[in-house]
Amino acid sequence: MNHVIDKDYFKYKTVDDVNYTEINIASREIITNKHKSTKTSDIENRIIQYIRENDIKVLSFDVFDTYLLRNSKPEAARYMELSNIILKRLKDSLPHQERLSTLDPADICLARIAGMQATYRTRPRVEGCGEGEIREVIAMQCRLIGLPAQAEDILLEAEIAYEAENLSENTLLARLARRFRKEGGKVILVSDMYLGADIIAEIIHRVVKRPVHQHLFSSADMVVSKRSGKIFPAIERILGHAPREFLHIGDSWTGDVERPRKAGWHAMHFPIPRTELNKRKAALAEFIREMDEKGINTRAWAKL
Amino acid sequence: MQELIAKNADHARHEFGRELLGPVVADYLYRLYGTIRFFQDVRKARVLFVSRAGIRIRRALDTFTQATGLPPVEDAPDFWISRLMVAKGTWRRHRDNAIAVLKGEFYHHTLREMAEAMFRHDGLPPDFPQDDPWLERKGKEIEAFFAENGPAAQVIAAHFEDQSRLFEEYFTDLAGDRDTILLVDTGWAGTAQRLLADAWPEKTFWGAYFGRYGFETTDRRYWPNMIGLVFEQDTFEYEKPETCVVLHRHMIEHLFEPHGPSIERLARSDAGTVFAPEAEAVRADAPTAATDPMFTGVMTYLADLPDGGSLAALHAAAGRAWPEIARIVTLPTREETALFGHIRRSADFGKTLMVPLLLPPEDRFEGDSPERRIQDSLWQPGQAALEYPRDLAEPLQRRLAGLGPFDFKKPWTPPAVNVHIRQRPAVAVITRTLDRPMFLKRALESVAAQTFDDYVHVIVSDGGDIDLVRDTIRDTECRHNRILLIDNVENRGMEAASNIGIRAVDSDYIVIHDDDDSWEPAYLEKTVAFLDGPKGEIYGGVISKSMYVSEEVTREGIKVHARVPYHGWVENVHIMEMAIQNFFPPIAFLYKREIYDRIGGYNEAYPVLGDWDFNLRFLMEADIGVLPEPLANYHHRDRGNTHLFGNSVIAGRDKHVEYAAIVRNRLTRNALQGGGNASIAVLVGIGLHLDALRQETRRIQQRTEEMPGMINALANPIQELARKQQNEMERQSGPGLFDADDYWVAMTRLERAVLLKDWSVLRKLGVKDISRGRLLLMKLGLSRKGFEKPPRLSAESIKFLTQLRKKGYELEPPPDFDEEAYLSRNPDVAAVVAQGKLHSGFEHYYYYGKKEGRKRISRN
Ligand SMILES: [Mg+2]
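Residues numbered from 1 in each chain as written. Chains lettered and ligands numbered in written order. Predicted model: local features only at pLDDT ≥ 70, side-chain atom pairs only at ≥ 80, totals over all residues. Heavy atoms only, no water.

A. Representation of the overall build of chain B. If you tally the helices and strands in chain B, you get 35 helices and 18 strands. Pairs at least 24 apart in sequence give 71% of the contacts found in chain B among residues at least 6 apart. (Helix = DSSP H or I, 4+ residues; strand = E, 2+ residues; numbered from the N terminus. Contact = heavy atoms within 4.5 Å.)

Okay, structure coming up:
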């Protein structure tokens, strides 16, 4: 924006290059277009330059909404969509289960919410941190709707398949990672998520032919997390690198930028663009209203 | 429901249970069922149903699982305890807790009464030392009682020791090898869970309760492990109707309360196992439509599940029932209170004394009053319905429940969807800076620490060293991609800098964050939510309250000396007040860009007071709301070298006086020449006079108050007292908190309290003896000269006094209130006064009439 904004003030100028420590990767649309436009290669080059200047040894990506890009659905709507799929799969695989005939996708969705609340709240804490875990969610879900134990595998497989179908690889970061690995760097993925590393790995394998990472860490396994800041020293210990040798990129300001920087890592923000957020917001409002129609008040848990 | 109650109360209770409590209990049981199974299968926990409520909860749960076809809950034994039993049972493991529970329960009772209660079932042992003098002392001395270990203490301690051993054996047996225990009970603050967790720190205790809430003094150390399945909050909220239970917990508690004795002891059976002798009688609880119509109503619903048995169907049914239940709980009619009229609650530990949930609306003792009975009632809105006719009871019930005037007048609907879609950033934060990197860094951090992040932060460097600014931004931890830096190249002045910054970006809202000020992290979140919400339709801007921060620049950095409320009296933003002076800082003020555009931005001609001029013109277009929390910090270098780092307010004081005249004159001139708003000219003129008048009044008052013996000469000393209090309050904290009537009522009350020697009131005011009470009255009335700290009642005291309503405190009208005219204009009030329900028309006006919009009629 190096131009004069108001003719009355011809003498002032805006200064747009204050983002020294942070590359503002604003336009996700360009990336998802999959054209190697000059703009994305610019960004790529700037990050590479930053990596060289700061002698980065480990390149770390957040997974969801960073290395793997989601579509425009808010979390609440995704749960509902997944619940529909689960019900269909259950009916296919367990044709003799009478309960299924009376079941509504909303039942499965509410049971999932109950499961999320149970696992996040009651899972034993580590270093003061709490984290949920998908198998616990599913265990609660199946008990609440009265499904047999073999249903748990069906739900987990549906979860993985649904995630894989709705995610795509961030080609910019993928190119960047390959370039970095060619130069001898390590690439890792770090996720704050209720899905364990094994499940995330399975999802990635279904989305990406050649995944870029050598290590994958999830708070679901470690319980300590990015948002608590306590996962970073743990990763340093495992990989044997000093904090200043890491560069982390992710979409959450707190978990992916503020906290890693506090831990001594380099970090860049990869925010979700406004247009994308607005799509999710509109869908969320729609979801809340639809559920209101069914008499179910979702405000306490329906999120973006 | 009303008709049903009139016809047959028991049938109505049954229907209330079936139609309304049924769905909410079913929804609760679903959550409970999931929680129990989750804890059993995933957490490998031992689940225990805590007596006595656990007995009926299990019965309801079994009926529910059967109706839904869910596998029944198994392997979850009863846990036969009570608070007293747990206190006894943890005697060996955590004596302090055990003693604290007993002390709380027997504080005002003799230790003899306590001893008798402890041995209620077995009777005192034959060799009990009846003549131990300790037994005549009160429970509040219980620590000393046990510490001294006299003959009675020894017997009781031995009993506790014995019970404790039995309890440990009993609990260890129940818990088995499990490290995690889940207790199932109704609620609310989880005392038993806390006592057990303290006594068995090696185990993890969880509680699954209907709801969870507490009071200010509640011990919340284990709060995260206490799951309120239906609600977890301390106060009722209209938008969450299920929270009405905090206003009427007995509705749920009584529902699950089985018949039979309380569990207070353990014993060893002939076979050598530990058991609770009273358990059998409780287990025999057999509720019928005749004995427990509400419970059987609920059970009927659970057995039939007419709304369907699925999670979503029951969730929706509960969602429909809660608003209706909440309406009855918060705004019951007199007839509807009969739904719960049968409930009796034990008033003591041993459950020998039973008190009704609602008190008969008649005096229990000399000096009793409706107000007092409502205070004492276990269901206050219900008691209010019994005490007052409907039109008087309803406003009171609304106040007790914290309801708005229109809540429940229309069918309840869920709150509006709180999602805001924007095409541009919500807020433009404008920071003007000039060669003060130390301050700029703090301002950057203040903005970066905001919990709300949809903003763009425009830094306008007003002609200073741009490299210094750039380096400061680079080296500060903040959200760099939200920052736009503008170099003004040469100094253009504060208001021009604001305009440049504001026009360089687009946003819904605007706020000026000066480089030396700061915010609390929630400032943007709260102010944006205010303007985004329904209030945004009324207001064009909002201020939070602010703190005045007194600081100094030292070699070590910025040193803060003091933080005090800045114009703490501001409750509303009135144009008239603004016409006198600007009374809030820019840092507190978030406003809509459309108003900025409409009034043409800041006037660049003013070196100071540009914000005052802006606020005045702003108020000609739109109103400004006020958030009560102090979220903005207005920093001042009012110590040390004020010139170098000074604010314009401190360092440029003379300029302020000069430019106050210039702002007024320009606004007026502009208006006269037809280029501006004529009313604003009138306004600033009046403002000037008002300011002068206010200062003159203060001088006169001061002189008047210095005259000795003044008070006796006045026709009505109480009114004089009231007036003085008002002056004193306003002198110290500004106008607006109370009006003359409030002071009149407070002073009348105080006078009565002294006359009646009403200690319950005087003690609350910190008066320890009557002569001091008289002295307080006198001092309040005397000149403030001669007292180093002029006495005044605190705002809390005044509030307390005005809300005081009891026998002996009949409210006389103040001399300037035309009682006759008020009564003749309001015949309905006259009727109530004639019946003796209210003492005066003024009493009606003050407590009800004013809120109902009736006119105060003053004597000329
Ligand atoms: Mg992410």
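Having put the structure on the table, let's press on.
B. Expanded view of the overall build of chain A. When you go through chain A residue by residue, the secondary structure sums to 12 helices and 8 strands. Burial analysis of chain A (304 residues in total) assigns 58% to the buried set. Accessible surface, chain A: about 13,100 Å² in total, of which carbon and sulfur atoms supply 50%. (Buried < 20%, exposed > 50% of the residue type's maximum accessible area, 1.4 Å probe, protein only. Areas by Shrake-Rupley, 256 points an atom, 1.4 Å probe, with all protein chains shown as cover.)

C. A look at the side chain of K545(B). All names here are of chain B. Tracing the chain through its elements places K545 in strand β15 (residues 539-554). Residue classification places K545 among the buried positions, given a relative accessible area of 18%. Setting aside chain neighbours within four positions, we find K545 in contact with G568, V570, E571, V626, L627, P628, E629, P630, L631 and A632.

D. Main features of the coordination of the magnesium ion. Residues and elements named next belong to chain A. Taken together, D62 (OD), F64 (O) and D251 (OD) make up the full set of protein donors to the magnesium ion, lying 2.2 to 2.3 Å away. Here the donor residues for the magnesium ion map to a single chain with the spacing D-x1-F-x186-D. Linking F64 in the loop between β2 (58-61) and β3 (68-70) with D251 in the loop between β7 (246-250) and α11 (253-262), this pair joins segments that are 187 residues apart in sequence. (Donors = N, O, S within 2.8 Å, 3.2 Å for Na, K, Ca; no water.)

E. The arrangement of the sheet that holds strand β1 (residues 46-50) of chain B in detail. The 5 strands lie next to each other as β2-β1-β3-β4-β5 (chain B), forming an open sheet whose pairing is parallel. A single partner strand is all that each edge strand has here, and the edge strands are β2 (78-79) and β5 (226-232) of chain B. By the bridge criterion, 5 bridges tie strand β3 (residues 180-184) of chain B to strand β4 (residues 204-212) of chain B in an arrangement that is parallel. Directly across from T180(B), in β4(B), lies its bridge partner T204(B). Set on the sheet, helix α4 (residues 105-122) of chain A makes contact with β4 and β5 of chain B; between it and β5(B) the angle comes to about 145 degrees. In this fold helix α3 (residues 53-68) of chain B packs onto β1, β2 and β3 of chain B, with an angle of close to 110 degrees to the strand it touches most, β1(B). (Pairing = 2+ DSSP bridges. Axes fitted to C-alpha atoms, helices over the stretch in contact; angles between N-to-C directions.)

F. Region of interest: the confidence of the model for chain A. For chain A, the average pLDDT comes to 86, and 87% of its residues sit at 70 or higher. pLDDT under 50 marks residues 1-38 of chain A. Its contacts with residues more than four places away, or in other chains, come to 101 contacts. (pLDDT = per-residue confidence, 0-100.)

G. Examining the packing of aromatic side chains more closely. All names here are of chain B. Following the criterion strictly, the structure yields 52 aromatic pairs over all chains and no others. Members of the aromatic cluster, each reached through a chain of ring pairs, are Y28, W188, F210, Y213, F215, F231, F256, F295 and W322. The ring of F49 has R58 sitting right over it, with the charged end atom 4.2 Å from the ring centre. One cation-aromatic arrangement involves R137 over W134; the distance from NZ or CZ to the ring centre is 4.1 Å. (Phe/Tyr/Trp six-rings, centres within 6.5 Å; stacked < 30°, edge-to-face > 60°. Lys NZ or Arg CZ within 6 Å of the ring centre and 35° of its normal.)

H. Examining the pattern of salt bridges more closely. Residue and element names in this part refer to chain B. This structure, assessed with the given rule, holds 96 salt bridges over all chains. Here E387 makes a salt bridge to R373, at a shortest N to O gap of 2.6 Å. Within this pair, whereas E387 is found in helix α15 (residues 380-387), its partner R373 is found in helix α14 (residues 370-376), the two being separated by 14 residues in sequence. Here E387 falls in the buried class, since its relative accessible area comes to 13%. Where D515 meets R436, a salt bridge forms, and the shortest distance between an N and an O atom there is 2.6 Å. (Salt bridge = Lys/Arg side-chain N within 4 Å of Asp/Glu carboxyl O.)

I. Region of the structure containing the environment of L229(B). All names here are of chain B. Tracing the chain through its elements places L229 in strand β5. A relative accessible area of 10% places L229 in the buried class. When the C-alpha positions of L229 and E143 are compared, they lie 37 Å apart, and in sequence the two are 86 residues distant. Excluding its chain neighbours within four sequence positions, the residues that come into contact with L229 are Y28, R31, L32, T35, A208, Y209 and F210.

J. Just the domain arrangement of chain A, in detail. Residue and element names in this part refer to chain A. In terms of domains, chain A is made up of domain 1 (3-71 + 166-272) and domain 2 (75-165). Across the boundary between the two partners, domain 1 contributes 22 residues, which contact 26 residues of domain 2. For the pairing of domain 1 and domain 2, the buried interface totals around 2,100 Å² over both sides, and the portion due to carbon and sulfur atoms is 52%. Three residues stand out in domain 1 for area buried against domain 2, namely N166, Y194 and V223, and they jointly supply 38% of the buried area on that side. Along the contact surface separating domain 1 from domain 2 lie 4 salt bridges. The closest approach of N and O atoms between E131 and R227, which form a salt bridge, is 3.4 Å. Our count for the domain 1 to domain 2 interface comes out at 15 residue pairs in polar contact (both at pLDDT 80 or more). Secondary structure elements with two or more residues in the side of domain 1 that touches domain 2: α8 (197-207) and α9 (219-222). (Domains from an automatic or database assignment. Buried area = accessible area lost by both parts, 1.4 Å probe. Polar contact = N/O pair within 3.5 Å; in protein donor to acceptor, adjacent residues only side chain to side chain.)

K. Spotlight on the packing of helix α17 (residues 437-448) of chain B against helix α18 (residues 466-475) of chain B. Residues and elements named next belong to chain B. Contact pair α17 / α18: the axes reach a minimum separation of 10 Å and the direction vectors enclose 40 degrees. As far as their axial angle goes, α18 and α17 are oblique. Seen along the crossing, α17 lies across α18 with a hand that is right-handed. Residue-level inspection shows P437, L440, K441 and L444 of α17 in contact with α18, the latter providing L468, V469, T472 and I473. (Parallel < 35°, antiparallel > 145°, perpendicular 65-115°, else oblique. Left-handed = near helix turned anticlockwise from the far one by under 90°.)

L. Main features of the pairing of strand β18 (residues 623-636) of chain B. Residue and element names in this part refer to chain B. Along β18, 10 of the 14 residues are buried, which leaves the element largely enclosed by surrounding structure. As paired strands, strand β14 (residues 518-519) and β18 are joined by 2 bridges and run antiparallel to one another. Residue S518 lies in a different strand from β18, and its bridge partner there is N633. One ladder, built from 11 bridges, connects β15 with β18; its direction is parallel. Each residue of the ladder has a partner; that of G541, found in β18, is I624.

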